[in-house]
Each structure stands twice: as C-alpha cells, then as structure tokens.
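# Remarks on the overall topology
Each chain, letter by letter, is given below.
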Amino acid sequence: MSIHASLLPARTPRSAFGKLLESEAKYAWRAPVGLIFGVTVPVLVLVILGTVPGVNKPVKAFGGLTYFSIYFPILIVLALAVLSLISLPLHLANYREQGILRRMSTTPVPPGWMLAAQVIINLVLAAVALGILVVAGTAGFGLGAPKAPGGFTLALALTIAAMFAIGLWVSAIARTTGGASVIGQLLFYPLLFFAGLWLPREHMAPVLRDISDWTPLGAAVRSLQSSMLGAFPSAQSLLVLAAWAVVFGVLAVRFFRWE
Amino acid sequence: MSLCSGGGAPGAAGSGAAGFGSVPDAEAAVEVLHLRKTYGTTVAVDDVSFSVQEGEIFGILGPNGAGKTTTVECVIGLRVPDGGAIRVMGLDPQEDREDLHAIVGAQLQASALPARLKVGEILDLYHSFYREAADLGEIMESLGLAEKRNEYYRSLSGGLKQRLSIALALIGNPKVAVLDEMTTGLDPQARRDTWALIEGVRDRGVTIILVTHYMDEAERLCDRVTLLDRGRIVAIDTPERLADRAGVDKRVRFVPSGPFSDRLLTGLPEVRTVEHEGEQVIVTGSGELANIVILTLALA
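About the cut-offs
- Residues numbered from 1 in each chain as written.
- Chains lettered and ligands numbered in written order.
- Predicted model: local features only at pLDDT ≥ 70, side-chain atom pairs only at ≥ 80, totals over all residues.
- Heavy atoms only, no water.
- pLDDT = per-residue confidence, 0-100.
- Helix = DSSP H or I, 4+ residues; strand = E, 2+ residues; numbered from the N terminus.
- Contact = heavy atoms within 4.5 Å.
- Phe/Tyr/Trp six-rings, centres within 6.5 Å; stacked < 30°, edge-to-face > 60°.
- Buried < 20%, exposed > 50% of the residue type's maximum accessible area, 1.4 Å probe, protein only.
- Lys NZ or Arg CZ within 6 Å of the ring centre and 35° of its normal.
- Pairing = 2+ DSSP bridges.
- Right-handed = clockwise from strand over helix to strand, strands pointing away.
- Buried area = accessible area lost by both parts, 1.4 Å probe.
- Salt bridge = Lys/Arg side-chain N within 4 Å of Asp/Glu carboxyl O.
- Polar contact = N/O pair within 3.5 Å; in protein donor to acceptor, adjacent residues only side chain to side chain.
- Nonpolar A, V, L, I, M, F, W, Y, C, P; charged D, E, K, R; others polar.
- Axes fitted to C-alpha atoms, helices over the stretch in contact; angles between N-to-C directions.

Low pLDDT marks stretches whose predicted atomic positions should not be read closely. Residue and element names in this part refer to chain B. Chain-level pLDDT for chain B is 85 on average; 90% of the residues reach the 70-or-more range. In the model of chain B, strand 10 (residues 250-254) stands out as the element of lowest mean pLDDT, 78, in contrast to helix 3 (residues 119-128), which has the highest, 96. Predicted confidence for residues 1-22 stays below pLDDT 50, and this span has 46 contacts to residues more than four positions away or in other chains. The complex prediction reports pTM at 0.80, with the ipTM value standing at 0.85.

See below:
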C-alpha cells in the first residue's frame with residue numbers, strides 16, 4: 001500500500017479547466033445550436049414585435065415607458081429558456097449518448113467540470129443575446145433603463161440560476177438526445193406560456209396568473225417587469241425563483257450520471 | 001516484490017482461480033478478488049479473481065458475453081461491483097476514483113470523442129488532464145497521428161479512431177493501462193504496429209490489461225492470460241500452455257459444397273488444424289472461428 005501511495009501524482013491541474021472550456025467553446029462555435037436558437041429566436045421575436053404598431057410609444061400608465069420596455073423581460077426569459085432547456089440539455093445528452101462523457105469519466109477530471117464549462121458557454125450566449133436585445137431595443141423601441149436597477153439585476157441573476165438548474169436537471173435525467181428534446185420541450189412551452197409570451201400576464205384569468213406567479217418564468221417576468229417600472233420585485237417572486245434554483249440544482253447534482 | 005517484465009509466467013496463480021488465496025496481494029499492480037456483477041437477473045461476472053503483477057501484460061480472453069468488458073470496467077471504476085474487492089496500485093476504484101484515474105489509462109469500447117473537435121485538439125485537451133503526462137509529439141508520432149492532427153474526429157476512419165483512442169489511454173503516462181479490444185477494426189499492418197507500440201509501453205514498466213478476441217494477439221503480447229466463459233474463469237495460464245490445452249480450441253465441422261485447398265484455411269491466424277473425415281471437414285482453432293472459415297470459403 002505505502003509503496004504505491006508515494007507513486008501517486010496529484011490530480012488534474014486547475015489549468016486544464018481552461019482547456020476544457022476552450023474546446024467546448026470551439027465545439028459550440030462549430031455546432032452552433034445554442035448560437036442559432038438561443039440568440040436568433042429572441043431577436044426574431046423582437047423583429048416581429050417591431051411590426052406591431054405603437055409598440056415603441058411611451059405609455060402613461062407605465063410611467064412613460066414604451067410597451068416594448070414592458071415586453072422586454074419576456075424576450076430575456078425566452079432567450080434564457082432556449083439556452084437552458086434546449087441548448088444545454090441537448091448538447092450534454094448528445095455527449096452522453098455518444099459515449100463522450102463515458103470516455104471523459106475515465107480521466108481524473110471531476111464530473112462537475114463538464115457541466116460548469118457548458119453552463120459558462122450558455123451564459124456567454126445569453127449575454128450575447130441580451131446585448132443584442134438591449135442595443136436593438138434602445139435604438140429602435142425606446143427601451144429605457146430599468147427604474148429599479150438593483151432589483152432588476154437580482155431578479156435576472158435568480159432567473160438565470162433557476163433556469164440553468166432546471167436545464168441541468170433535464171441534462172442529468174435524459175439518457176438520449178431524443179429524451180432531452182422531449183423533456184426540454186415539455187417544460188419549454190408551458191413555462192413560456194406562463195411567462196406571457198403568447199398571452200401577457202395582465203390579460204390572464206386570475207387563476208392562470210396565480211399559477212404563473214409560482215412558475216419560474218412567471219415569477220421572472222413579474223419581478224423583471226416591476227423592476228422596469230421602478231418597484232423592487234416582491235419577496236414572493238424572488239423566493240419562488242430561489243426555490244426553483246435550489247431544488248433543481250440539488251436534483252441535478254443528485255441524479256447526474258456520466259452515462 | 002516481483003518486478004517482472006518480459007516473457008514467462010510471473011510467480012503465483014498457476015491454473016484456474018482455485019489455486020488463489022483470499023489474502024490480497026499487496027504488491028500486485030491489480031488485484032481482483034471474488035468479483036461479482038449482475039445486471040438484473042443476468043450474472044455478468046461470477047466469482048472472478050486474478051492478480052496482475054507490475055510490468056506484466058495480462059490478457060483477458062473469451063467469447064462475446066463472457067464478462068470481459070464488465071470485468072475491466074469494474075477495475076477502472078466505471079461500474080460498481082455487486083461483490084468482491086478490487087485494488088489497483090493499492091487504490092479502491094470506487095473510493096479513490098480521481099486518484100485512480102490519474103494513474104490508469106483506459107481504451108474502452110462504446111465510447112467516442114466530440115465529432116467536431118480535431119485530432120490535435122482532443123490530444124491536447126486530454127494531455128492537459130494529467131500532471132505527469134506523456135510527451136504529446138512522441139505519442140502522436142508512434143501512433144501515426146501527427147499528420148492527422150488537423151482532421152475532425154467525425155471524418156476519421158474506424159482504424160484511426162481506434163488509434164486515437166489508444167493514444168488517449170497512454171497520454172497520461174499511466175502506471176496501468178486497460179485496453180479493451182484495441183486492435184478490433186485495425187488492418188493487419190496497423191495491428192502489428194500497435195503490438196510493437198504496446199511492447200514498448202510495457203518495456204517502460206507499465207502494467208497492461210488487454211481484453212482481446214484474438215489468440216494470436218494474446219500469444220504475441222501477454223505474459224499470462226485468463227480465459228473467461230459466461231462470467232467465470234475457465235483458466236489462468238501462459239498463452240502457450242493455454243493454447244495447448246485441447247479444451248481451448250474451437251471446433252467447426254462441416255461438409256464443403258466443393259473441393260478446396262486446405263492452405264486456404266491453414267493460412268488463417270485463427271485456424272490451428274484442418275482434418276478430413278470422409279466428406280466432413282473438421283477445423284480447430286480460436287477466435288471467431290466459424291465466421292472466418294465460412295467467410296474465407298465463401299470468398300474463395
């Protein structure tokens with residue numbers, strides 16, 4: 001035993017994470033599922049929205065903000081939903097299905113590294129999408145800065161945490177790309193419905209809006225919209241987001257398998 | 001501590017699992033004791049015990065479904081055994097996974113690499129995972145991958161994928177290398193090149209576990225071989241003595257549809273003998289004997 005122990009080299013050097021991130025980034029660039037859908041889908045919706053008359057008129061009831069500014073949080077959560085529920089799980093499920101994760105599991109690389117690299121890449125894509133939406137919105141739709149910037153930032157951070165936790169959970173339980181696609185879409189459409197993508201939350205029946213308040217994207221849109229208008233988000237919506245993040249984060253770690 | 005390299009059967013463990021004590025051999029590089037693994041009601045591996053000395057090339061032979069892959073997957077910590085104990089360089093594959101993977105290189109079946117990464121990028125990535133990695137250029141050179149470094153993984157032929165997989169198993173400068181059917185899919189020249197490479201690796205003191213279908217591969221490379229069948233050890237011995245035992249040979253008996261030259265069959269590495277008995281032909285040998293005999297005669 002002692003003969004062998006002295007032969008042990010140290011574990012994987014930290015710098016290897018940079019290499020892993022670099023090769024995953026190359027892959028994301030060469031097989032640009034996240035780039036195509038996560039960035040272009042919200043931008044397309046933005047363009048379609050641009051054809052709606054009056055969307056960039058200031059509205060008194062919104063304290064002088066345009067309709068677009070109120071719709072803006074829905075575009076943000078759309079981008080996040082595509083990246084977390086579709087792009088991330090499809091990629092990891094593909095890696096699992098092909099045996100790429102299995103191959104990596106025989107190296108000293110900790111399992112969390114691949115998940116972390118993928119989350120970082122999809123966060124960068126989210127930042128790109130957000131950047132385009134902000135620039136185009138400001139230039140073309142009279143998008144103003146949120147009147148409660150602190151609340152907006154906090155709500156955005158919690159939304160990201162909640163959505164990526166759910167996406168990682170999908171990645172953890174889906175064995176194949178087909179499975180990941182089905183589970184991802186089963187979540188994608190209902191969650192975006194409750195976010196108000198098709199029917200704005202203000203126009204929902206009270207019971208639907210109550211349900212929406214407890215869904216991650218409903219709570220996200222509610223807290224982001226109130227921050228746009230100048231009110232710090234309600235404790236309820238922030239706690240709902242935090243709860244989704246914690247519960248699904250724990251489930252993802254609990255159920256993740258290399259193969 | 002017997003640091004044996006080169007031919008011959010090192011020490012203990014004569015023939016069969018029976019002559020094997022229950023006391024772990026602390027000096028063995030790999031120690032497997034009473035390993036058991038089931039999938040549902042199927043018993044994949046049943047009471048398998050063997051030990052591999054440092055610097056030894058140890059072969060695991062047997063037909064499909066014999067439990068060869070399950071055994072080595074337990075050894076490298078990919079599967080959790082249902083019973084028994086495993087030690088690799090003193091480490092428990094389940095308890096000490098990360099430490100184990102720093103010193104064990106594996107070439108697996110049913111694994112792949114990212115389709116849209118290039119050969120050079122994959123090698124560079126895996127090279128970075130190990131603190132005491134092998135020389136990247138040397139590995140690429142010895143496996144003929146240097147001129148392929150700018151090719152995407154998805155565009156590689158089966159043989160090249162296999163060579164890349166072997167390269168990754170050796171890239172961390174492992175103390176123990178586990179190679180599961182490393183020459184399947186390689187052409188004859190690439191097989192011989194790979195054999196020479198493995199001998200070079202062994203000469204550097206690396207312990208190697210080799211899963212193979214091919215008796216000729218085992219005879220060329222292995223110091224000792226265990227023969228598995230339906231999850232159990234049938235024999236452990238040197239390849240030469242194993243091949244001499246009558247029970248090892250497979251036997252194919254058939255009535256040919258027309259005359260053919262015996263040399264067609266005796267020239268095959270899998271075939272040991274060809275005999276005629278009236279109209280019937282009896283071929284003995286190893287590996288995928290029946291398939292190869294049928295194929296050879298069909299193409300003749």
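Right, picking up where we left off after that structure.
In this section: the packing of aromatic side chains. In total, this model carries 11 aromatic pairs over all chains according to the counting rule given. Between A:Phe188 and A:Tyr189, the ring centres sit 5.1 Å apart and the planes meet at 90°, which makes this aromatic pair edge-to-face. Accessibility expressed as a relative area gives 43% for A:Tyr189, which makes it partly exposed. Geometrically, the ring pair formed by B:Tyr126 and B:Phe129 is tilted, given 5.1 Å between the ring centres and 55° between the ring planes. In this structure B:Phe129 comes out as buried when scored by relative accessible area, which is 0%. Taken together, the ring pairs connect A:Phe68, A:Phe72 and A:Phe141 into an aromatic cluster. Between B:Lys161 and the ring centre of B:Tyr153, over which it is positioned, the NZ or CZ distance is 5.1 Å.

This brings us to the pairing of strand 7 (residues 207-212) of chain B. Residue and element names in this part refer to chain B. Counted residue by residue, strand 7 has six buried out of six residues, so it is predominantly covered. Here strand 7 shows a buried face lined by Thr207, Ile209 and Val211 and a second buried face lined by Ile208, Leu210 and Thr212. Inspection of the sheet shows strand 3 (residues 57-61) paired to strand 7 by five bridges, in the parallel sense. The residue of strand 7 that forms the bridge with Phe58 is Ile209. Looking at chain direction, strand 6 (residues 176-180) and strand 7 are connected through five bridges and run parallel. Note on strand 7: the bridge partner recorded for Leu179 is Leu210. Handedness of the strand 6-helix 6 (residues 188-203)-strand 7 crossover: right-handed.

Let's shift gears to the interface of chain B and chain A. The extent of an interface is frequently quoted as the accessible surface area lost upon association of the parts. Facing 45 residues of chain B, the contacting portion of chain A comprises 33 residues. The contact between chain B and chain A buries some 3600 Å² in all, and 58% of this surface belongs to carbon and sulfur atoms. Looking at the side of chain B facing chain A, the largest losses of area belong to B:Glu98, B:Phe129 and B:Arg131, adding up to 18% of the total buried there. The interface formed by chain B and chain A holds four salt bridges in total. Among the salt bridges present, the one from A:Arg102 reaches B:Glu73, with a minimum N-O distance of 2.2 Å. For the pair chain B and chain A, the number of links is 10 residue pairs in polar contact (both at pLDDT 80 or more). Within the residue set of the side of chain B that touches chain A, elements represented by two or more residues are helix 2 (97-103), strand 5 (104-107), helix 3 and helix 5 (158-170) of chain B. The leading source of residues in the side of chain B that touches chain A is helix 2 of chain B, at six residues. Classifying every residue of the side of chain B that touches chain A by side-chain character gives 25 nonpolar, six polar and 14 charged.

This part covers the sheet that holds strand 9 (residues 232-237) of chain B. All names here are of chain B. Strand order across the open sheet formed by six strands is 5-6-7-3-8-9, with mixed pairing between neighbours. Either end of the sheet is taken by a strand with one partner, and the two such strands are strand 5 and strand 9. Ignoring strand direction, the axes of neighbouring strands in this sheet form an average angle of 15°. Bridge analysis of strand 8 (residues 224-229) against strand 9 gives five bridges, and the strand direction is antiparallel. Note on strand 9: the bridge partner recorded for Asp229 is Arg232. Sitting on the sheet, helix 1 (residues 68-75) touches strand 3, strand 6, strand 7 and strand 8, and the angle it makes with strand 7 is about 155°. Contacting strand 3, strand 6 and strand 7, helix 6 crosses the sheet at an angle of about 150° to strand 7.

Residues and elements named next belong to chain B. Here Thr183 lies in the loop between strand 6 and helix 6. On the basis of relative accessibility, which here comes to 1%, the residue Thr183 falls in the buried class. Of note is the side chain of Thr183, whose polar atom sits 2.3 Å from the side chain of Glu217. Beyond its immediate chain neighbours, meaning those up to four positions away, Thr183 contacts Gln162, Arg191, Thr194, Trp195, Tyr214 and Glu217.

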